[in-house]
Amino acid sequence: MCTMRKQAHVTRRSHRKMILIGVCLLFVIGVGACLVSKGFGHIDPKMALWQAQRSWLEGQIVPAIPQFIRAVWMAFEAGGRWSIADIHISRMRSLEEEGRLSEALQECATAVRILHGYDDEGGLSYECSVIEQRIERLQQAPASSPEP
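Residues numbered from 1 in each chain as written. Predicted model: local features only at pLDDT ≥ 70, side-chain atom pairs only at ≥ 80, totals over all residues. Heavy atoms only, no water.

Asker: Quick question: what am I supposed to make of the state of the cysteines here?
Answerer: One covalent bond between the sulfur atoms of two cysteine residues makes up a disulfide. This structure, assessed with the given rule, holds 1 disulfide. Here Cys-108 connects covalently by a disulfide to Cys-128, the sulfurs 1.9 Å from one another. For the disulfide bridge between Cys-108 and Cys-128, the dihedral angle about the S-S bond is near -105°, and by the sign convention the bridge is left-handed. Separated by 20 residues along the polypeptide, Cys-108 in helix α4 (residues 101–115) and Cys-128 in helix α5 (residues 123–144) bring together distant segments of the chain. Considered together, Cys-108 and Cys-128 belong to a single accessibility category, that of buried residues. (Disulfide = S-S within 2.5 Å. Helix = DSSP H or I, 4+ residues; strand = E, 2+ residues; numbered from the N terminus. Buried < 20%, exposed > 50% of the residue type's maximum accessible area, 1.4 Å probe, protein only.)

What follows is the structure, encoded as structure tokens:
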């Protein structure tokens, strides 16, 4: 009777472990799917996917498979980088609204570093340049005003 209880206890524990592992796997797959879908919103992963699809449709199936894998990896990486950079971008925008331009420029530069090549058409880099120009104009404004 005691061995039956032990077996039932072991079975329940292993069942709980399997459920926990399943939940963790579903979580990881869900996060990965979110990052991939977000990543395909950007130009580089889209181009890689288009290239793979073109190869596939031309009957070059063997070369298309690694191209698909590369496209999904690029989308995963782009989605992850943009998810992290979004935090800095929102901070940058709020700091810019508050007039704290130097801090906004630092947040912008951090976001550009995080994106590392996934800044579509340099849009975020351009925003950093605009902030930098605003800082320069503010620094030059008092020097150029006439003294009474």
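Asker: Looking at this structure, I do not really get the packing of aromatic side chains. What am I missing?
Answerer: For any pair of aromatic rings, the description consists of the separation of the ring centres together with the inter-plane angle of the planes. Within this structure, the stated rule accounts for 2 aromatic pairs. Ring centres of Trp-56 and Phe-68 lie 6.0 Å apart, and the angle between their planes is 70°; on these two criteria the pair is classed as edge-to-face. Remark: Phe-68 occurs in helix α3 (residues 61–98) and Trp-56 occurs in helix α2 (residues 43–57); sequence separation between them is 12 residues. Residue classification places Trp-56 among the partly exposed residues on the basis of a relative accessible area of 42%. Judged by its relative accessible area of 26%, Phe-68 falls in the partly exposed class. (Phe/Tyr/Trp six-rings, centres within 6.5 Å; stacked < 30°, edge-to-face > 60°.)

Asker: How do you make sense of the nonpolar core when you look at a structure like this?
Answerer: Of all hydrophobic cores here, the largest spans 20 residues; its most connected members are Ala-85, Ile-89, Met-92, Leu-124 and Ile-131. When contributions to this core are tallied by element, the ones reaching two or more residues are α3, α4 and α5. Here the element with the most residues in this core is α3; it accounts for 8 residues. In contact with Ile-131, not counting residues within four places along its chain, are Met-92, Glu-96, Leu-101, Ala-104 and Leu-105. (Core = buried A, V, L, I, M, F, W, Y, C linked by side-chain atoms within 4.5 Å. Contact = heavy atoms within 4.5 Å.)

Asker: Whenever I open this one, α4 confuses me. Can you help?
Answerer: The α-helix advances 3.6 residues per turn, and as a result positions three or four apart in sequence lie on the same side. The end-to-end C-alpha distance of α4 is 21 Å, a good match for the 21 Å that 15 residues give at a rise of 1.5 Å each. Those residues of α4 lying buried are Leu-101, Ala-104, Glu-107, Cys-108, Ala-111, Ile-114 and Leu-115. Down the axis of α4, the buried side of the element spans an arc of 140°, and every buried residue falls inside it. Away from its buried face by more than 90 degrees, α4 exposes Gln-106 and Arg-113. Looking at the residues trailing α4, positive phi occurs at His-116, about 40°. (Expected span 1.5 Å × (residues − 1). Arc of directions from axis to C-beta.)

Asker: Would you mind showing me how to read a nonpolar patch on the surface here?
Answerer: A cluster of nonpolar residues, Trp-56, Leu-57, Ile-61, Ile-65 and Ile-69, forms a patch on the protein surface that exposes about 540 Å² of accessible area. At the level of elements, α2 and α3 are the ones that each hand at least two residues to the nonpolar patch. Within the element layout of this structure, Leu-57 appears in helix α2. Owing to a relative accessible area of 75%, Leu-57 belongs among the exposed residues under this scheme. (Patch = residues over 30% accessible without salt bridge, like charges linked within 9 Å, V, L, I, M, F, W, Y side chains within 5 Å. Areas by Shrake-Rupley, 256 points an atom, 1.4 Å probe, with all protein chains shown as cover. Salt bridge = Lys/Arg side-chain N within 4 Å of Asp/Glu carboxyl O.)

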